[in-house]
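Given next are the chains, with one letter for each unit.
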Amino acid sequence: MSGLSRRGLLTSAAFAGAGLVAADVVAGTRPAVAAGAGATGGACAPAFDSITVQPGDTRYDSFLRAHNTRFTGRPDQVTIATSPDHVAEALGRAVAADRRVAVRSGGHCLEDFTASSEVKELIDLSQMADVHFDESRNAFSVGPGSIVAPTQHTLFKGWGVHIPSAGCSEVGLGGHILGGGYNFYSRIHGVAIDYLHAVEVVVVDADGQPRTIVATRKANDPNRDLWWAHTGGGGGNFGVVTRYWLRTPSTKSAVPEKLLPRAGNQRVRVVQWSWESLSRQAFTTLVRNFCRWFELNSAPGAKGVQVWASLSASHQSAGVIGLMAGVEDTVPGGEAMLDAMFADVTAGAHLKVASDTKYNLPWLDRENWFWGPPGRQKDKTSDLRKSYTEEQIATIYRYLTDDSINNPGAQVNLAAIGGKINTVRQDATAYAHRDTILRAYFTPGVWRSQDQDAAHVTWVRKLYRDVYRRTGGVPVPDSINGGAYINYPDVDLADPEWNTSGTPWHALYYRKNYARLQQVKKAYDPRNVFRHALSIRPA
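Residues numbered from 1 in each chain as written. Predicted model: local features only at pLDDT ≥ 70, side-chain atom pairs only at ≥ 80, totals over all residues. Heavy atoms only, no water.

Any chance you could break down the overall build of the chain for me, citing the residues and the numbers?
A tally of regular secondary structure across the chain gives 11 helices and 16 strands. Whereas a compact globule of 539 residues would reach a radius of gyration of roughly 24 Å, the chain reaches 22 Å, a difference of no more than 12%. Expressed as lengths along the three principal axes of its C-alpha atoms, the size of the chain is roughly 65 × 50 × 45 Å. Residues classed as buried in the chain amount to 62% of the 539 residues present. Restricting the contact set of the chain to residue pairs at least 6 apart, pairs at least 24 apart contribute 75%. Summed over all atoms, the accessible surface of the chain reaches about 19,300 Å², with 49% contributed by carbon and sulfur. Side-chain charges in the chain split into 57 positive and 51 negative, and the spacing between the mean points of these groups amounts to 4 Å. (Helix = DSSP H or I, 4+ residues; strand = E, 2+ residues; numbered from the N terminus. Rg over C-alpha atoms; globule rule 2.2 N^0.38 Å. Buried < 20%, exposed > 50% of the residue type's maximum accessible area, 1.4 Å probe, protein only. Contact = heavy atoms within 4.5 Å. Areas by Shrake-Rupley, 256 points an atom, 1.4 Å probe, with all protein chains shown as cover. Lys, Arg positive; Asp, Glu negative; His and termini not counted. Charge placed at Lys NZ, Arg CZ, Asp CG, Glu CD.)

In structure tokens:
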């Protein structure tokens, strides 16, 4: 394949929260529980007990930075917890000493929420990573330190199922599920939190004492509001999640293989077009056609929902832009559906094809993985209810042909959502994006040197502001815009320099669900222990 590779289309952090999810080993026979499980219902014993690391320890510096290396914290200590009791102990010490707390699982937060200079107590959950089927709850149990790739390995190898969660192999599910969790398959399966059955959370009461609560989706659960807040309320808000239980809510089956969506093999097509052929009009036609195709093919139950796609409009320094799309290979006429979609999207654009590749992928195939290498980042998102306007597309084209940066990873990525996601009422979960069809991801790519910060950050800030100039520089929900996605937090949305809309940041992320989230915050975190620049404010 010339130009960017298939994988290169989606790296540089462009797909931290979307994409295919698979593995690199052929599935074996199904065990009764996860490998290594014991009499505790499948939970695996931690490799070591809780450990506290302080400055001077040779391990300390390894905890100061996370995935976004623009930010470096320096906490008084880091607790590597291996149980809810250890989490409670660490919280109790921090609250008693009035130390600012942050919690980290995979470390992929795009802002400084876990690597701020204000954080004095960092609780690391990476060792709480067991995944198993819990017979007592008839649900799959997932530890907060679980990482996407090994979790999907276990679920598929053991039971042939998966969670519709991130496609970035190294993302931690502890924070990802909290914000909603989605990937390409969400069009036919919904988002991850649609399968959240229960959550175990360590909270801090008004007297400063930690306690552990299990909150479920059951209507008569006295802590159901706490469960609801974790269905899209975002990380760092209410307490420390120490376990998730996931299962399909509508099924009464006790058979594990029927309790999560089945994983399927894929037909995939990837086409790349040379920037040499991309006049502004050709680019406008391509993006407009792509958006409008999903306007017509994202209604719940529509045949076109079977198709997932990602248009990576890369900066001209990449040489090409590309469209990747796929459909499960069991869908009748799936290849014809893909070809028809590509024909509709390219109609009238007169593009020069750099490469056109078709192939079938088994679920466990290394080509299904995406990752974003660690580095300095500043990324933004928005959701779309319908196509960008001609003016907005022209603005995107202008920035993608701007020579002020020269980073092949810079792009505006449009990923298809809608479908099954939009069958749930907006107030049924904290995740409010139940009426959108596309998720836009704006990134200047990843860079290494601090002296490049200004150029990259300024470029993406101005791009985003100018695309949404008519709504005050941000995607205020209206007939076109659907707000922003909290798993890609962006502090600029709370900055009046960049958000001149008069619409507060929380209305972009949570819409009308914010008031209820504030009530949950007041009830379960009355001391506001868990806070950051975009945290829920107590009612």
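So much for the structure itself; the text now carries on.
Which residues make up the domain arrangement of the chain, and what are the values?
Partitioning the chain into structural domains gives domain 1 (51-124), domain 2 (131-262 + 514-524) and domain 3 (266-362 + 373-510). Of the residues lining the interface, 10 residues belong to domain 1; the matching set on domain 2 comes to 17 residues. When domain 1 packs against domain 2, the two sides together hide about 960 Å² of surface, and 79% of this comes from carbon and sulfur. Run the count over domain 1 and domain 2 and you get zero salt bridges. If you look at where domain 1 meets domain 2, you find zero residue pairs in polar contact (both at pLDDT 80 or more). Considering only residue class, the side of domain 1 that touches domain 2 consists of six nonpolar, four polar and no charged. (Domains from an automatic or database assignment. Buried area = accessible area lost by both parts, 1.4 Å probe. Salt bridge = Lys/Arg side-chain N within 4 Å of Asp/Glu carboxyl O. Polar contact = N/O pair within 3.5 Å; in protein donor to acceptor, adjacent residues only side chain to side chain. Nonpolar A, V, L, I, M, F, W, Y, C, P; charged D, E, K, R; others polar.)

Which residues make up the pairing of strand E6 (residues 139-142), and what values go with them?
Pairing geometry for strand E5 (residues 131-134) and E6, over four bridges, is antiparallel. For Asp-134, the partnering residue across the bridge sits in E6 and is Ala-139. Between E5 and E6, which pair antiparallel in sequence order, lie four residues; one of them, Asn-138, sits at a positive phi of approximately 50 degrees. For E6 and strand E9 (residues 240-246), the ladder comprises three bridges, and the chain directions are antiparallel. Each residue of the ladder has a partner; that of Phe-140, found in E9, is Leu-246. (Pairing = 2+ DSSP bridges.)

Got a sec to walk through helix H11 (residues 514-524)? Specific residues and values, please.
Listed in full, the buried residues belonging to H11 are Tyr-514, Leu-517, Gln-518, Val-520, Lys-521 and Tyr-524. Projection of H11 onto a plane perpendicular to its axis shows the buried side chains occupying an angular sector of 160 degrees, all on one side. The elements touched by buried residues of H11 are strand E7 (196-204), strand E8 (210-216), helix H5 (224-229) and helix H10 (505-509). (Arc of directions from axis to C-beta.)

Pulling in residues and values, what's your account of the pattern of salt bridges?
Applying the stated rule across the entire model yields 29 salt bridges. A salt bridge links Arg-269 to Asp-356; the nearest nitrogen and oxygen atoms lie 2.6 Å apart. Of this pair, Arg-269 sits in strand E10 (residues 266-274) while Asp-356 sits in strand E13 (residues 353-361), placing them 87 residues apart in sequence. A relative accessible area of 13% means that Arg-269 is categorised as buried. Given a relative accessible area of 42%, Asp-356 falls into the partly exposed group. With a closest N to O distance of 3.0 Å, Arg-511 and Asp-435 form a salt bridge. Note that Arg-511 is positioned in the loop between H10 and H11 and Asp-435 in the loop between strand E15 (411-416) and strand E16 (438-443), a separation of 76 residues in sequence. Judged by relative accessible area, which is 12%, Arg-511 ranks as buried.

Help me get a handle on the UniProt feature "domain: FAD-binding PCMH-type" (unreviewed entry) in the chain, residues and values and all.
According to UniProt, the feature "domain: FAD-binding PCMH-type" (unreviewed entry) maps to residues 71-251 in the numbering used here. In residues 71-251, the share of helix is 23% and the share of strand is 24%. The end C-alpha atoms are 44 Å apart. (UniProt positions renumbered as here; feature names shortened; annotations may be inferred.)

Pulling in residues and values, what's your account of the nonpolar core?
Counting 111 residues, the largest nonpolar core has Phe-283, Tyr-388 and Phe-442 as its most contacted members. With eight residues, the single largest contributor to this core is helix H6 (residues 280-296). Per-domain counts for this core show at least three residues from each of domain 2 (131-262 + 514-524) and domain 3 (266-362 + 373-510). Judged by nonpolar contacts, the second largest core, of 16 residues, contains Ala-81, Ala-94, Met-128 and Val-529. (Core = buried A, V, L, I, M, F, W, Y, C linked by side-chain atoms within 4.5 Å.)

Could you give me a rundown of the packing of H6 against helix H8 (residues 390-400), with the residues and numbers involved?
Viewed as axis vectors pointing N to C, H6 and H8 meet at an angle of 120 degrees, and their least axial separation amounts to 9 Å. One element, H6, and the other, H8, form an angle in the oblique class. Crossing hand, H6 versus H8: right-handed. From H6, Arg-280, Phe-283, Thr-284, Val-287 and Arg-288 reach across to H8, where they touch Glu-390, Ile-393, Ala-394, Ile-396, Tyr-397 and Leu-400. (Axes fitted to C-alpha atoms, helices over the stretch in contact; angles between N-to-C directions. Parallel < 35°, antiparallel > 145°, perpendicular 65-115°, else oblique. Left-handed = near helix turned anticlockwise from the far one by under 90°.)

Can you break down the packing of aromatic side chains residue by residue, with the values?
Aromatic ring pairs: the centre-centre distance and the angle between the two ring planes describe each pair. What the rule picks out here adds up to 23 aromatic pairs. Between Phe-442 and Tyr-464, the ring centres sit 5.2 Å apart and the planes meet at 85 degrees, which makes this aromatic pair edge-to-face. One end of the pair, Phe-442, is in strand E16; the other, Tyr-464, is in helix H9 (residues 453-467), with 22 residues separating them in the sequence. Residue class for Tyr-464 comes out buried when judged on its relative accessible area of 2%. For the pair Phe-442 and Tyr-468, a centre-to-centre distance of 6.2 Å together with 65 degrees between the ring planes defines the contact as edge-to-face. Remark: Tyr-468 occurs in the loop between H9 and H10 and Phe-442 occurs in strand E16; sequence separation between them is 26 residues. Taken together through their ring pairs, the aromatic side chains of Tyr-182, Tyr-431, Tyr-441, Tyr-485 and Tyr-488 make up a single cluster. (Phe/Tyr/Trp six-rings, centres within 6.5 Å; stacked < 30°, edge-to-face > 60°.)

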